[in-house]
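Residue strings, one per chain:
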There are 2 protein chains.
Amino acid sequence: MNSLTLKLIGIIHSPFRQAADTPIQSCMAKDEEGTIELFPEFMPALRDLEGFDRIWLLYWFDRIAIPRLVVKPFLDPNEHGVFATRSPARPNPIGMSSVRLLGIEGPRLRIGELDILDQTPLLDIKPYVPAFDCFKTERIGWLESKSLLRLHADDRFEKPPTPRS
Amino acid sequence: MNSLTLKLIGIIHSPFRQAADTPIQSCMAKDEEGTIELFPEFMPALRDLEGFDRIWLLYWFDRIAIPRLVVKPFLDPNEHGVFATRSPARPNPIGMSSVRLLGIEGPRLRIGELDILDQTPLLDIKPYVPAFDCFKTERIGWLESKSLLRLHADDRFEKPPTPRS
C-alpha cells in the first residue's frame with residue numbers, strides 16, 4: 001500500500017486565527033492558552049495523561065495552499081529543502097508540537113505554550129518524556145546562525161482567502 | 001473532511017526484523033545503524049538537512065494488529081490510555097522517533113540510534129532542534145516510578161504471522 005488514511009480525533013482551539021498571529025514554535029509562545037476538544041469516542045485513551053505536564057500533539061496543517069519540496073522558512077531568507085525545516089507546506093502536512101498540559105475535564109484538554117492555528121484537526125496525542133525526547137546536539141545546520149528573534153509566522157504557505165461574492 | 005490521506009515518502013531499513021529485537025525508544029538503542037531509502041521524487045526536500053546531526057522521523061506503525069484506546073505498555077504491567085503512552089497500537093498509528101543522522105548520499109540517509117522495525121513506511125522528516133524540542137518537565141505521570149531498565153519491545157501489538165499453507 002502506498003498511502004495511509006488517518007481519522008481526525010479532535011479539534012484544537014487556539015487564540016490564533018491567522019498565521020501572522022501564530023508563534024512559529026511553542027518555545028516562542030507566551031501566555032496564550034487553548035483547548036483540545038477530543039471526539040468522545042476517544043476519551044478512554046486519555047486515562048492517566050493528566051499525570052504529564054507536557055504532551056506532544058500531531059495535527060494536520062490543513063490550511064496550506066500546496067505542498068512544497070523547497071521552501072523559504074520563516075526564520076531564513078534562503079531556501080532549504082522542506083525536510084530541513086519545520087515549515088507546514090510539506091509532502092505530508094503533519095505538524096508536531098510539544099505543548100503544556102494544564103488540565104483535563106472529560107473530553108476537553110486545556111493546553112498552553114501552543115503554536116497552532118485555531119480549528120486545527122488533531123491526529124494524535126503522546127506524552128512528552130525528556131528521557132525519550134531531549135538530546136544534546138552539536139549541529140543544527142542553517143539554524144546555527146539564527147538568533148530566533150522572529151516570533152510569528154506569516155501567510156506565505158496558506159491558501160488565499162475565499163473571495164466574498 | 002473527517003480524514004487525511006498521506007503518501008509514503010520512503011522506506012526505513014533497520015536491523016530489527018521483529019518487535020522482540022527492537023529498542024522501545026531511541027534513547028535505549030545502542031550502535032545499530034539503519035538507512036532510509038527516500039523515494040527519488042522527494043530528494044529536493046533533503047537540501048541542507050546534512051547540517052543537522054539529529055532528525056525526527058514520522059512513520060507508519062504498519063504491523064499493528066488493531067488500534068486500541070487502552071494498552072498495557074512495554075514499560076508497565078498496568079493499563080493506561082494509549083495517549084498516555086508511546087505504544088504503537090493507537091487510533092492513528094503514527095510513530096515519532098528522534099534518530100542520529102550519520103550521512104546522506106543521494107536518496108539514501110544513514111541513521112543511528114533507531115527504534116524502528118525494518119521496512120517501516122516513512123511519512124515525514126523534520127530537523128531536530130533542541131530549542132524547539134527540549135523542555136524541562138516536572139511530571140511524567142506513570143513513568144516517574146520506572147527505571148527504564150527494559151530495553152526491548154515484544155509482539156503484543158502485532159498482527160500474528162501469516163500461517164504457511
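The preceding data block contains the structure.
Okay, so let's go over this structure. A quick note: this is a predicted structure, and the numbers were derived from the prediction, not measured.

### Some details on the sheet that holds strand E3 (residues 33-38) of chain A
In a beta sheet, neighbouring strands are held together by backbone hydrogen bonds and run either parallel or antiparallel to one another.
Residues and elements named next belong to chain A.
Now for step 1: One closed barrel holds the 6 strands; their spatial order is E2-E3-E8-E7-E4-E9, and the pairing between them is antiparallel. Here the average twist between neighbouring strands, direction ignored, is 45°.
Now for step 2: Examined bridge by bridge, strand E7 (residues 94-105) and strand E8 (residues 108-112) share 5 bridges and lie antiparallel to one another. Its bridge partner being in E8, Glu105 is matched across the sheet by Arg108.

### Looking at the layout of surface pockets
Residues and elements named next belong to chain A.
Now for step 1: Estimates place the volume of the second largest pocket at around 160 Å³.
Now for step 2: Around the second largest pocket, the lining is made up of 11 residues, and of these Gln18, Ala19, Asp155, Glu158 and Lys159 lie nearest the centre.
Now for step 3: Within the lining of the second largest pocket, the residues separate by chemical class into 4 nonpolar, 1 polar and 6 charged.

### Quick look at the side chain of Ser87 of chain A
Now for step 1: In this structure, Ser87 of chain A sits in the loop between strand E6 (80-81) and E7.
Now for step 2: Judged by its relative accessible area of 4%, Ser87 of chain A falls in the buried class.

### Some details on the pairing of strand E1 (residues 3-7) of chain A
Along any regular strand the residues' side chains alternate between the sheet's two faces.
Now for step 1: Burial along E1 of chain A is one-sided: Leu4 and Leu6 of chain A are buried, and none of Ser3, Thr5 and Lys7 of chain A, which face the opposite way, are.
Now for step 2: Bridge analysis of E1 of chain A against strand E1 (residues 3-7) of chain B gives 5 bridges, and the strand direction is antiparallel. Residue pairing for E1 of chain B: Leu6 of chain A is matched across the bridge by Leu4 of chain B.

### Focus on the interface of chain B and chain A
Now for step 1: Contacts between chain B and chain A engage 71 residues on the former and 71 residues on the latter.
Now for step 2: Both faces considered, chain B and chain A share a buried interface measuring about 6900 Å² in area, 63% of it formed by carbon and sulfur atoms.
Now for step 3: By the criterion of area lost to chain A, the three top residues of chain B are Leu4, Phe83 and Phe132 of chain B, representing 12% of everything that side buries.
Now for step 4: Here chain B is connected to chain A by 4 salt bridges.
Now for step 5: Close ionic contact of Arg86 of chain B with Asp133 of chain A constitutes a salt bridge, the shortest N to O distance being 2.8 Å.
Now for step 6: Here chain B is connected to chain A by 43 residue pairs in polar contact (both at pLDDT 80 or more).

### Brief notes about the relation of the copies chain B and chain A
Now for step 1: Overlaying chain B with chain A gives an RMSD of 0.0 Å, the required rotation being 180° about an axis along which the chain moves by 0.0 Å. Seen this way, the second copy is the image of the first under a two-fold rotation axis. Looking at the rotation axis and the C-alpha trace of chain B, the residue lying nearest is Thr5 of chain B, at 2.1 Å.
Now for step 2: When the interface residues of chain B are mapped onto chain A, 100% of them again lie at the interface, so the same face is used by both copies.

The rules behind these values
Residues numbered from 1 in each chain as written. Chains lettered and ligands numbered in written order. Predicted model: local features only at pLDDT ≥ 70, side-chain atom pairs only at ≥ 80, totals over all residues. Heavy atoms only, no water. Pairing = 2+ DSSP bridges. Helix = DSSP H or I, 4+ residues; strand = E, 2+ residues; numbered from the N terminus. Axes fitted to C-alpha atoms, helices over the stretch in contact; angles between N-to-C directions. 1 Å grid on protein atoms, 1.4 Å probe; cavity = no way out; pocket = protein on both sides within 12 Å on 5 of 7 lines; lining within 4 Å. Points joined across faces, edges and corners; volume = space filled by probe spheres on them. Nonpolar A, V, L, I, M, F, W, Y, C, P; charged D, E, K, R; others polar. Buried < 20%, exposed > 50% of the residue type's maximum accessible area, 1.4 Å probe, protein only. Contact = heavy atoms within 4.5 Å. Buried area = accessible area lost by both parts, 1.4 Å probe. Salt bridge = Lys/Arg side-chain N within 4 Å of Asp/Glu carboxyl O. Polar contact = N/O pair within 3.5 Å; in protein donor to acceptor, adjacent residues only side chain to side chain. Least-squares fit on C-alpha atoms with pLDDT ≥ 70 in both.

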